Amino acid sequence: LKLNNPFHIKQSYVIHAGEGIDEAAHKEIDKLIKANYFHKSLFAVHGVAMDEEQAKSFKAVIWCPVSNFFLLNKTADIQRLKTKTRILFGTDSTLTADWNLWNHLRVARNTGLMNDQELYQSLTKTPSLAWNQNNIGAIAMNKNADIIIAKITQNNHFDTFYSLNPESLQLVLHQGQIRLFDEEIKDQLMDSNFKIASFSPITIHGKRKYIYGNMGQLMDEISTYYSESHFPINKCTTAF
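Criteria and cut-off values
- Residues numbered from 1 in each chain as written.
- Predicted model: local features only at pLDDT ≥ 70, side-chain atom pairs only at ≥ 80, totals over all residues.
- Heavy atoms only, no water.
- Helix = DSSP H or I, 4+ residues; strand = E, 2+ residues; numbered from the N terminus.
- Buried < 20%, exposed > 50% of the residue type's maximum accessible area, 1.4 Å probe, protein only.
- Contact = heavy atoms within 4.5 Å.
- Areas by Shrake-Rupley, 256 points an atom, 1.4 Å probe, with all protein chains shown as cover.
- Lys, Arg positive; Asp, Glu negative; His and termini not counted.
- Charge placed at Lys NZ, Arg CZ, Asp CG, Glu CD.
- Salt bridge = Lys/Arg side-chain N within 4 Å of Asp/Glu carboxyl O.
- Expected span 1.5 Å × (residues − 1).
- Arc of directions from axis to C-beta.
- Polar contact = N/O pair within 3.5 Å; in protein donor to acceptor, adjacent residues only side chain to side chain.

Details of the overall build of the protein chain
Phase 1 of the analysis: Looking only at helices and strands, one finds ten helices and ten strands in the protein chain.
Phase 2 of the analysis: Across its three principal directions, the C-alpha atoms of the protein chain cover 60 × 45 × 40 Å.
Phase 3 of the analysis: Here the protein chain holds 240 residues, and 38% of them are scored as buried.
Phase 4 of the analysis: Taking all contacts inside the protein chain whose residues are at least 6 apart in sequence as the whole, residues at least 24 apart take part in 60%.
Phase 5 of the analysis: For the protein chain, the exposed area adds up to about 14500 Å²; of that, 53% sits on carbon and sulfur atoms.
Phase 6 of the analysis: One way to put it: in the protein chain the 25 positive side-chain charges average out to a point 7 Å from where the 24 negative ones average out.

Printed below as a string of C-alpha cells:
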C-alpha cells in the first residue's frame with residue numbers, strides 16, 4: 001500500500017530486498033518488482049539474492065559487503081549486477097558492521113567485485129546521479145563544497161584513499177561549512193576569527209578533532225537509553 005500510494009507517484013523507495021541466500025530471499029525480490037504497479041524508482045539495500053534480470057528493475061543497489069559477510073558469509077554478485085543497475089556503497093547498521101567506513105571500503109576493494117574507480121564513484125558521482133542531486137558528487141564549478149581533506153601517507157592516488165582512517169581527517173566541509181577540523185589547524189582557524197566555540201573536542205586513536213555541535217552531550221544522551229554503548233571516540237573534558 002505504501003509503495004503504490006497514488007499521491008507519491010514521483011517518490012523513490014528504498015527497501016531491504018534479497019537479504020538472504022536462499023530461494024525465499026530470491027523470490028522476495030520478484031514479489032517486490034511485481035507489486036510496483038506504478039513503476040516507481042526502487043533502491044534495493046543488500047540484494048544478496050538478486051540476479052541480473054531482477055537488477056534491471058531497480059534504479060540502484062545499495063551494497064553493504066561487511067554487513068553481508070557478517071550475517072550471511074556472502075555478499076551480492078556486484079560484478080554482474082553492476083552491468084544492469086547502479087551500485088551505491090552502504091554500511092548498514094553498526095550492530096552488524098564496523099564503525100569505520102574505510103574498513104568497509106577495504107573489504108569491498110579486496111573482493112575485486114568493483115575496480116578502484118567504480119568503488120570510489122559508488123560513494124561520490126554515482127549516488128549524485130541516482131538521487132538526481134547534480135549539485136554534489138564532485139569538486140567542480142557549481143557543485144556544493146562537500147570536501148574532505150586528509151593527511152596522506154602514500155603517493156598512489158587510490159592506495160592513499162583506501163588507506164585512510166577517521167583520524168586521518170584534517171577538515172570536513174559540508175556545503176562550504178566546516179563540520180570537523182583537526183587540532184593541527186585550530187590556530188589557523190582562530191586567527192581568522194572562526195567561531196570555534198560551536199565545536200566540541202573529541203579524540204580518536206590519540207588524535208584530537210573538533211566536531212560541530214555538542215558531541216559529548218549527544219553521547220551522554222545515547223548512554224541514558226543504552227548504558228552499554230561503546231563509542232569509537234572519546235569526549236574531552238577540556239574544551240580548547
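Read on, since the account is not over.
Structural notes on the pattern of salt bridges
Phase 1 of the analysis: Inspection of every chain in the model, using the stated rule, returns eleven salt bridges.
Phase 2 of the analysis: In this structure, aspartate 77 engages arginine 80 in a salt bridge whose closest nitrogen and oxygen atoms are separated by 3.3 Å.
Phase 3 of the analysis: One salt bridge in this structure joins lysine 186 and glutamate 183, with 3.8 Å as the shortest N-O distance.
Phase 4 of the analysis: For lysine 186, a relative accessible area of 12% gives the class buried.
Phase 5 of the analysis: Take glutamate 183: its relative accessible area is 31%, and that puts it in the partly exposed class.
Phase 6 of the analysis: Overlapping salt bridges, with partners in common, bring together Glu52, Asp77 and Arg80 in one network.

Some points on the environment of leucine 189
Phase 1 of the analysis: Tracing the sequence through the fold places leucine 189 in helix α9 (residues 186-191).
Phase 2 of the analysis: Taking the relative accessible area as the measure of exposure, leucine 189 reaches 13% and is therefore buried.
Phase 3 of the analysis: Measuring from C-alpha to C-alpha, the distance between leucine 189 and threonine 94 comes to 33 Å, with 95 residues separating the pair along the chain.
Phase 4 of the analysis: Aside from chain neighbours lying at most four places away, what touches leucine 189 is Ile178, Phe181 and Phe194.

Describing helix α1 (residues 23-35)
Phase 1 of the analysis: Relative to the 18 Å expected for 13 residues at 1.5 Å per residue, α1 spans 18 Å between its end C-alpha atoms, a close match to the ideal helical length.
Phase 2 of the analysis: Taken together, the buried positions of α1 are Ala25, His26, Ile29 and Leu32. Seen end-on, α1 carries its buried residues on one side only, within an arc spanning 115 degrees. Exposed residues on α1 whose side chains face more than 90 degrees from its buried face are Ala24, Lys27, Lys31 and Lys34.

A word on helix α5 (residues 101-111)
Phase 1 of the analysis: Trp102, His104, Leu105 and Ala108 are the residues of α5 that are buried. Here the buried residues of α5 occupy an arc of 150 degrees about the axis, which is enough to place them on one side.
Phase 2 of the analysis: Packed against the buried residues of α5 are β3 (60-63), α3 (65-72), β4 (86-89), α6 (116-121), α8 (157-162) and β6 (169-174).
Phase 3 of the analysis: Among the residues of α5, the N-terminal cap falls to asparagine 100, whose side-chain oxygen and the backbone nitrogen of tryptophan 102 are separated by 2.9 Å.
Phase 4 of the analysis: Following α5 by one or two positions, glycine 112 has its phi on the positive side, about 75 degrees.

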